[in-house]
Amino acid sequence: MAPRPAPAQPTDPSTVPGAGKQPNIVYIVADDLGWKDVGFHGSDIKTPNIDQLAGGGARLEQFYAQPMCTPTRAALMTGRYPLRYGLQTLVIPSGHTYGLPTDEWLLPQALKDAGYQTAIIGKWHLGHGDRKYWPRQRGFDFQYGPLIGEIDYFTHEQHHVLDWYRNNQPVKEKGYSTTLLGNAAVKLIDEHDPAVPLFLYLAFNAPHTPYQAPQEVLDQYKNITDPSRRAYAASITAMDDQISRVVTALEDRHMRDNTLIVFQSDNGGTRNAMFAGEGDMSKVKIPCDNGPYRDGKGSLYEGGTRVVAFVNWPGHITAGSTVDGMLHVVDMYPTLVALAGGSTTKSKPLDGMDVWPTMSQGQPSPRTELVYNVEIFRAGIREGDWKLIWRTPLPAVVELYNLAQDPSEKNNLAAENPEKVAALQQRANELAATMAKSPLLLTEFQALRARLALPPAFPNEPLNRELDFNQEP
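Residues numbered from 1 in each chain as written. Predicted model: local features only at pLDDT ≥ 70, side-chain atom pairs only at ≥ 80, totals over all residues. Heavy atoms only, no water.

Teacher, can you tell me more about the sheet that holds strand 16 (residues 378–383) here?
Two pairing modes exist for strands in a sheet, parallel and antiparallel, and in both the strands are linked by backbone hydrogen bonds. Strand order in the open sheet formed by four strands is 15-16-17-18, with antiparallel pairing between adjacent strands. Strand pairing shows two members of the sheet lacking a second neighbour, strand 15 (369–374) and strand 18 (397–402), which therefore form its edges. Within the sheet, the average angular offset between the axes of one strand and its neighbour, ignoring direction, is 10°. Taken together, the six bridges between strand 16 and strand 17 (residues 386–391) define a ladder with antiparallel strand orientation. Pairing of E383 across the sheet is with W386, part of strand 17. Sitting on the sheet, helix 10 (residues 418–432) touches strand 15, strand 16, strand 17 and strand 18, and the angle it makes with strand 17 is about 60°. (Pairing = 2+ DSSP bridges. Helix = DSSP H or I, 4+ residues; strand = E, 2+ residues; numbered from the N terminus. Axes fitted to C-alpha atoms, helices over the stretch in contact; angles between N-to-C directions. Contact = heavy atoms within 4.5 Å.)

Laid out in structure tokens, this is it:
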């Protein structure tokens, strides 16, 4: 296998054509959005504002995220694969107390050091059980929205517990969450001093389960008979409406021309109900569409990891361009910090590369390897066009695909290419030897050990002890 490429040289902001000062950065993340569920990918779902931004910038058609929410958000915040710090498996469940380790130097901290005002409006999902993991403790000047992974859009509750905060304080208020997040983003921009560079991380919980939308938006989709698909489509359109309001606010404050907008989904659209959320999905038809890509959220196939993404910055990114080079969410940390004129010296060794020349000028991506994920039971590795999926629990499964010829992953070429399989397996083992242990699995194993110490469960002898999933055995 070819040696690992060296990261691209950091971008010097002074060399960016037309750049006179640090750009504002508005980073928008959708939640569980299907690859095809935007207008510019051919959907019947109405996303005119997203489409306009994508058409006025560069569509990133090989942009990869982690297979699930928490790992992707961690990768963005750290510029490092989640296997480095134990967040590679599933997400942080509502009842767990671990979070993104505090010895990681996060993107808002690096941008704050560079002189930015930093704000998170929307979903966090990188630790809620201890305040040391909360956004205000991790570099954000302002925080508003939910801390956990899934909420009711109208009550802002999960398991009947309120999950809606402003600057570390719970807030009980009425309103549809997507609209409230849009309101907060517009207010933040309206009150912002344009002389100070702004980093706004706008992380919608739409269109994650439960599929909900205001009646006036649902009415736009009377032609869709399935209620889940109708609500899913309406929640995407409602998000699109709020994105339009944010862009208008930037224009009204004369900030738009110096604002880089990034848009991505945190993973592919859900196809398996097991990964849809913590609510009861037994009677719900999963509505997401990942187009030509196989499977969805939670899987290592393209449908779970190749996500909707684009970048837009007037005068700095070629309007109507398409970038087909391989990019990963970890690349955004060094790219954005470099554009901001900041430093990554406080961060741990990055997996991300500065890909600004690729996104802005269409230069070849410096990335030749991509790590979909490495866990104790599976791995996904790509080198060039070759992709290995290796599931290790017996009976083990080995799959090899040539994505240039077979992006839908229909033709397993492992048997015909044993040397390529062996090389990619070797790389997966190299990474596995260095990965941090998953606090999720450790916690669950500890709970299992505690159960093994319970007294016998004979008939008519009910157990009188309930277990705390976070207790030590």
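Looking at this structure, how should I read the layout of surface pockets?
One water molecule sets the probe size; rolling that probe over the atoms shows where empty space is left. Quantified by volume, the largest pocket comes out at close to 610 Å³. Surrounding the largest pocket, 33 residues form its lining, M68, L90, V91, M274 and F275 being those nearest its centre. Looking at the lining of the largest pocket residue by residue, the class counts come to 15 nonpolar, 10 polar and eight charged. (1 Å grid on protein atoms, 1.4 Å probe; cavity = no way out; pocket = protein on both sides within 12 Å on 5 of 7 lines; lining within 4 Å. Points joined across faces, edges and corners; volume = space filled by probe spheres on them. Nonpolar A, V, L, I, M, F, W, Y, C, P; charged D, E, K, R; others polar.)

Hey, could you run me through the pattern of salt bridges in this one?
Pairs can form between side chains of opposite charge once their charged atoms are near each other. Enumeration over the complete set of coordinates arrives at 24 salt bridges. Between R229 and D37 there is a salt bridge; the shortest N-O distance is 3.2 Å. Of this pair, R229 sits in helix 6 (residues 227–252) while D37 sits in the loop between strand 1 (24–30) and helix 1 (48–55); the two residues are 192 residues apart in sequence, bridging distant segments of the chain. You'll find R229 and D37 in the same group, each marked buried. (Salt bridge = Lys/Arg side-chain N within 4 Å of Asp/Glu carboxyl O. Buried < 20%, exposed > 50% of the residue type's maximum accessible area, 1.4 Å probe, protein only.)

So what exactly am I meant to see when it comes to the packing of helix 4 (residues 177–190) against helix 6 here?
To characterise two packed helices, one gives the angle between the axes of the helices and the distance between these axes. Orientation of helix 4 relative to helix 6, taken along the N-to-C sense of each, is 5°, at an axis distance of 9 Å. With respect to each other, helix 4 and helix 6 are oriented roughly parallel. Contact with helix 4, carried on its side by T178, T179, G182, N183, A185, V186, I189 and D190, involves A238, M239, Q242, R245, V246, A249 and L250 of helix 6 and no other residues of that element. Of the residues assigned to the contact of helix 4 with helix 6, the class counts are eight nonpolar, five polar and two charged. (Parallel < 35°, antiparallel > 145°, perpendicular 65-115°, else oblique.)

Even after reading the chapter, I still don't get the pairing of strand 1, so can you show me in this structure?
Consecutive residues of a regular strand have side chains that alternate between opposite faces of the sheet. When you tally the buried positions in strand 1, you get seven out of seven residues, the bulk of the element. The side-chain alternation of strand 1 yields two buried faces, one formed by N24, V26, I28 and A30 and the other by I25, Y27 and V29. One ladder, built from seven bridges, connects strand 1 with strand 11 (residues 259–265); its direction is parallel. Each bridged residue has a counterpart across the sheet, and for I25 the counterpart in strand 11 is L260. By the bridge criterion, five bridges tie strand 1 to strand 10 (residues 198–203) in an arrangement that is parallel. Across the sheet, the residue bridging to Y27 is Y201, located in strand 10.

Please explain the sheet that holds strand 8 (residues 165–166) as it appears in this structure.
Judged by pairing direction, the sheet is mixed, and its 10 strands sit side by side in the order 9-8-5-4-10-1-11-12-2-13 without closing on themselves. Across the chains shown, the open sheet's two edge strands, defined by having one partner strand only, are strand 9 (169–170) and strand 13 (321–323). Inspection of the sheet shows strand 5 (residues 142–145) paired to strand 8 by two bridges, in the antiparallel sense. The residue of strand 8 that forms the bridge with G145 is Y165. Sheet contacts for helix 1: strand 2 (58–60), strand 11 and strand 12 (309–312); angle to strand 12, the most-contacted strand, approximately 65°. Helix 2 (residues 69–78) rests against strand 1, strand 10 and strand 11 of the sheet, and its axis sits at about 175° to strand 10.

Would you mind showing me how to read unusual backbone geometry here?
Comment: phi is negative for the bulk of residues other than glycine, and the bulk of peptide bonds are trans. The omega torsion of the bond from A206 to P207 falls at -5°, within 30 degrees of zero and hence cis. Structurally, P207 can be placed in the loop between strand 10 and helix 5 (215–218). Cis geometry marks the peptide bond from L394 to P395; its omega dihedral reads -5°. Here P395 shows up in the loop between strand 17 and strand 18. In this model, N168 sits at a positive phi of 75°, which is unusual for a non-glycine residue. Take N168: it is sitting in the loop between strand 8 and strand 9. Look at D295: it is not a glycine, yet its phi comes out positive at around 60°. Looking at where D295 falls in the secondary structure, it is placed in the loop between strand 11 and helix 7 (302–305). Judged by relative accessible area, D295 falls into the partly exposed class, the value being 33%.

Would you mind showing me how to read the packing of aromatic side chains here?
Two aromatic rings are characterised by how far apart their centres lie and by the angle between their planes. Applying the stated criterion across every chain yields a total of 13 aromatic pairs. When the ring of F140 is compared with that of F199, the centres are 6.2 Å apart and the planes differ by 20°; the resulting orientation is stacked. Here F140 is found in the loop between strand 4 (117–122) and strand 5, whereas its partner F199 is found in strand 10, with 59 residues between them in sequence. Each member of the pair, F140 as well as F199, carries the same accessibility label: buried. Geometrically, the ring pair formed by F263 and F310 is stacked, given 5.2 Å between the ring centres and 10° between the ring planes. Remark: F310 occurs in strand 12 and F263 occurs in strand 11; sequence separation between them is 47 residues. Accessibility assignment for this pair places F263 and F310 in one class, buried. (Phe/Tyr/Trp six-rings, centres within 6.5 Å; stacked < 30°, edge-to-face > 60°.)

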